[in-house]
Amino acid sequence: MKNILVTGGAGFIGSNFINHTLKERDDYFIVNLDKLTYAGNLENLKPSQDKRNYRFVKGDIVNSELVNFIFEKYRIKYVINFAAESHVDRSILGSEIFYRTNVIGTNVLLETARKFEVEKFLQVSTDEVYGSLGSSGFFTESTPLSPNSPYSSSKAAADMMALSFHHTFGLPVVVTRCSNNYGSYQFPEKLIPLMIINSLKGKPLPVYGDGLNVRDWIYVIDHNNAINLVLEKGVCGEVYNIGAGNEMPNIQIIKLILNYIKKSEDLIQYVKDRPGHDRRYAIDSSKIQSQLNWRPEFSFEDAIIKTIDWYIENKNWWERIISGEYEKYYNSQYKNR
Ligand code: NAD
Ligand code: DAU
C-alpha cells in the first residue's frame, strides 16, 4: 500500500484526483485533509467516500499538531499538496488568507514531511507563477518566476520553499506547474462554470476587459494523470510543466458555451477589467512528454462538451452552491463592474 496524504481533496482538482485514482488503484490508501472552506465540498467525493482505502479528515494544513497526528497515525509516505486558496479575484479582495494557507500551510506540510521522512512530496503549483506572456512564446520550466497577483505570488513562494527543502534537506520534492483546468465539480467562481451557469440561467456573462486574454486549457483528468505519473516517476528536485496545448481567448470559449446552450450572444456583458490581469498563458509541456512519456488524452472539443453537459445534468450540485454564501461574493464582486 502507498499511504498518501492528499490535501485539499474536497476541492475541484483534488476531488477529481481522488475519485479518478481510487477507481483504478487499490494499492493506494488516501487520507484527504481538507478544511472545507467555501470551495471544499464533500458531495464531490461521493464515489470514494465508502472505499476502504479512503479516509477524510476535516482540518487545516496550517495546524501543525493535526498534520503531525495524521502523518503518524496513517504512516504517511507520500504527500500531494492541492490545498490552497485558488481564486485570483478573491486574492485581490483580500490577500492574507492566501499567504496563510498557501505559504504557511505548505511550510507546515514540508516540515512534517521532513520529520517523517516521506518518500515523495508533490507540490501542486501553477503556470501563473511565471507571470504573463506577450503574443508569442511559451512558459518552460526555466522561465523566471514573475508572479503578478497575490494568489500567484503566494503559490510561487510555496513552490520555491518546496524546492528549497529539496536543495537544503534532501527532501524528495517534485513540483508541477499546470495551466487552467476545466471539468466537473469546478467551483462556479471560475470562468468556465460561471459562464455555463449564467448561460443556463439567462444571466449576463461578465467578460473582463476586451475578452482577448488568453488561457491554455486542460481537462482536469489529464492534469490528474500527469500528477500520478510525476508522483511515481518524477525526478526529485525537478519541476514539470503540465499543459495540453489549448490556447484560447476568453471570448471564444464564452461564445462556444452560449452557442452549445443555444442562448443569445446578447447576454455577453463587457465589464471592468481585473486589476493586473495577466494577458496570456501558454505552457510548453515537452519536458513531461519526453521524459515521463505523458500525453493529454482529451481533446478540448470533446471535453468542453462533456463539461457543459455535466453542469446541465448536475443542476442540484451548483444550485446549492450559488444560493448560499457564494451569492454574497457574486453580488459584491460584480456590482460595480
Ligand atoms: P479549489 O479552490 O477548488 O479547492 C481548494 C481546496 O483546498 C478546497 O477543498 C478547500 O477547502 C481546501 N483548502 C483551502 N484552504 C485549506 C487549508 N488551510 N487546509 C486544508 N484545506 C484547505 O482549488 P482547485 O482549483 O482544485 O486547485 C487545487 C490546486 O491546484 C491549488 O493548489 C491550485 O493552486 C492548483 N492549480 C489549480 C489550477 C486550476 O485551473 N484550477 C491550475 C493549476 C494549479
Ligand atoms: O493558470 C492556472 C490558474 O488558472 C490556477 O492557478 C488558478 O487557481 C485558477 O483559478 C486559474 O486562474 P485564472 O485567473 O486564469 O482563472 P479564472 O477562471 O479566474 O479566469 C480565467 C480568465 O477569464 C481570466 O482571463 C479572467 C477571465 N474572467 C474570469 C471571470 C471569473 C472573466 O472574463 N470574467 C469572469 O467573471
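What counts, and at which threshold
- Residues numbered from 1 in each chain as written.
- Chains lettered and ligands numbered in written order.
- Predicted model: local features only at pLDDT ≥ 70, side-chain atom pairs only at ≥ 80, totals over all residues.
- Heavy atoms only, no water.
- Near = heavy atom within 4 Å.
- Areas by Shrake-Rupley, 256 points an atom, 1.4 Å probe, with all protein chains shown as cover.
- Helix = DSSP H or I, 4+ residues; strand = E, 2+ residues; numbered from the N terminus.
- Nonpolar A, V, L, I, M, F, W, Y, C, P; charged D, E, K, R; others polar.
- Phe/Tyr/Trp six-rings, centres within 6.5 Å; stacked < 30°, edge-to-face > 60°.
- Buried < 20%, exposed > 50% of the residue type's maximum accessible area, 1.4 Å probe, protein only.
- Lys NZ or Arg CZ within 6 Å of the ring centre and 35° of its normal.
- Polar contact = N/O pair within 3.5 Å; in protein donor to acceptor, adjacent residues only side chain to side chain.
- Contact = heavy atoms within 4.5 Å.
- Expected span 1.5 Å × (residues − 1).
- Arc of directions from axis to C-beta.
- Pairing = 2+ DSSP bridges.
- Axes fitted to C-alpha atoms, helices over the stretch in contact; angles between N-to-C directions.
- Domains from an automatic or database assignment.
- Buried area = accessible area lost by both parts, 1.4 Å probe.
- Salt bridge = Lys/Arg side-chain N within 4 Å of Asp/Glu carboxyl O.
- Parallel < 35°, antiparallel > 145°, perpendicular 65-115°, else oblique.
- Left-handed = near helix turned anticlockwise from the far one by under 90°.

A.B. asks: Account for the site of ligand 1, naming residues and giving values.
C.D. replies: Lining the immediate environment of ligand 1, one finds 28 residues, of which Ile13, Asp34, Ser86, Tyr151 and Lys155 sit closest. For ligand 1, whose accessible area on its own is 840 Å², the fraction buried by protein is 96%. Looking at the shell around ligand 1, the elements with two or more residues in it are helix H1 (12-24), strand E5 (120-126), helix H5 (150-169) and strand E7 (180-182). At 3 residues, the largest contribution of residues to the shell around ligand 1 is made by E5. Among the residues forming the shell around ligand 1, the class breakdown is 12 nonpolar, 12 polar and 4 charged.

A.B. asks: Any details on the packing of aromatic side chains? Residues and values, ideally.
C.D. replies: The full count for this structure, using the stated rule, is 22 aromatic pairs. Judged by centre distance (4.9 Å) and plane angle (65 degrees), the rings of Tyr185 and Trp310 are edge-to-face. Here Trp310 lies in helix H10 (residues 300-313) and Tyr185 lies in the loop between E7 and helix H6 (191-201), a separation of 125 residues in the sequence. Residue Tyr185 shares its accessibility class with Trp310, and that shared class is buried. Chaining the aromatic ring pairs together yields one cluster made of Tyr38, Phe187, Tyr208, Tyr326, Tyr329, Tyr330 and Tyr334. Directly above the aromatic system of Tyr281 lies the positively charged group of Arg215, at a separation of 3.9 Å from the ring centroid.

A.B. asks: Explain unusual backbone geometry to me, and be specific about the residues and the numbers.
C.D. replies: Positioned with a positive phi, Lys262 is a non-glycine residue whose angle comes to about 65 degrees. Mapped onto the secondary structure, Lys262 falls in the loop between helix H8 (250-261) and strand E12 (268-271). Classification of Lys262 by relative accessible area gives exposed; the value is 72%. Unusually for a residue other than glycine, Asn293 sits at a positive phi of about 65 degrees. Secondary-structure assignment places Asn293 in the loop between helix H9 (286-292) and H10. We classify Asn293 as exposed; its relative accessible area is 59%.

A.B. asks: Outline the side chain of Asn44, listing residues and values.
C.D. replies: Looking at the element boundaries, Asn44 is found in the loop between strand E2 (28-34) and strand E3 (54-58). A relative accessible area of 1% means that Asn44 is categorised as buried. Within the structure, Asn44 has its side chain in polar contact with the backbone oxygen of Ala10 (distance 3.3 Å). Sequence-distant contacts of Asn44, defined by excluding residues within four places in its chain, comprise Ala10, Gly11, Ser15, Asn19, Tyr185 and Trp317.

A.B. asks: Report on H10, specifying residues and quantitative values.
C.D. replies: The end-to-end C-alpha distance of H10 is 20 Å, a good match for the 20 Å that 14 residues give at a rise of 1.5 Å each. Those residues of H10 not exposed but buried are Phe300, Ala303, Ile304, Thr307, Ile308, Trp310 and Tyr311. Down the axis of H10, the sector holding all buried residues measures 155 degrees, keeping them to one side. Turned more than 90 degrees away from the buried face of H10 sit Glu301, Asp302 and Glu313, all of them exposed.

A.B. asks: Run through the sheet that holds strand E11 (residues 247-249), naming residues and quoting values.
C.D. replies: Strand order in the open sheet formed by 3 strands is E7-E9-E11, with mixed pairing between adjacent strands. Whereas interior strands pair on both sides, the edge strands pair on one side only; in this sheet they are E7 and E11. Neighbour to neighbour, the strand axes of the sheet diverge by 50 degrees on average, direction disregarded. Pairing of E7 with strand E9 (residues 214-219), which is carried by 3 bridges, proceeds in the parallel orientation. If you follow Tyr182 over to E9, its bridge partner there is Tyr219.

A.B. asks: Any details on the domain arrangement of the protein? Residues and values, ideally.
C.D. replies: Domain assignment breaks the protein into domain 1 (2-181 + 218-242) and domain 2 (186-215 + 246-276 + 300-331). Taking the mean C-alpha position of each, domain 1 and domain 2 sit 25 Å from one another. Listed as interface residues are 18 residues of domain 1 and, on the opposing side, 18 residues of domain 2. The largest contributions to the domain 1 side of the interface with domain 2 come from His87, Asp89 and Tyr219, which together make up 29% of the buried area. Between the two partners, domain 1 and domain 2, sit 3 salt bridges. Glu43 serves as the salt-bridge partner of Arg320, at 2.8 Å between the closest nitrogen and oxygen.

A.B. asks: Describe in detail the packing of H8 against H10, supporting the description with residues and values.
C.D. replies: One can describe the packing of H8 onto H10 by two numbers: an axis separation of 11 Å at closest approach and a directional angle of 55 degrees. Between H8 and H10, the interaxial angle falls into the category oblique. The handedness of the crossing between H8 and H10 is right-handed. In this structure, H8 uses Ile253, Leu256, Ile257, Tyr260 and Ile261 to contact H10, whose residues at the interface are Phe300, Ile304, Ile305, Ile308, Asp309 and Ile312.

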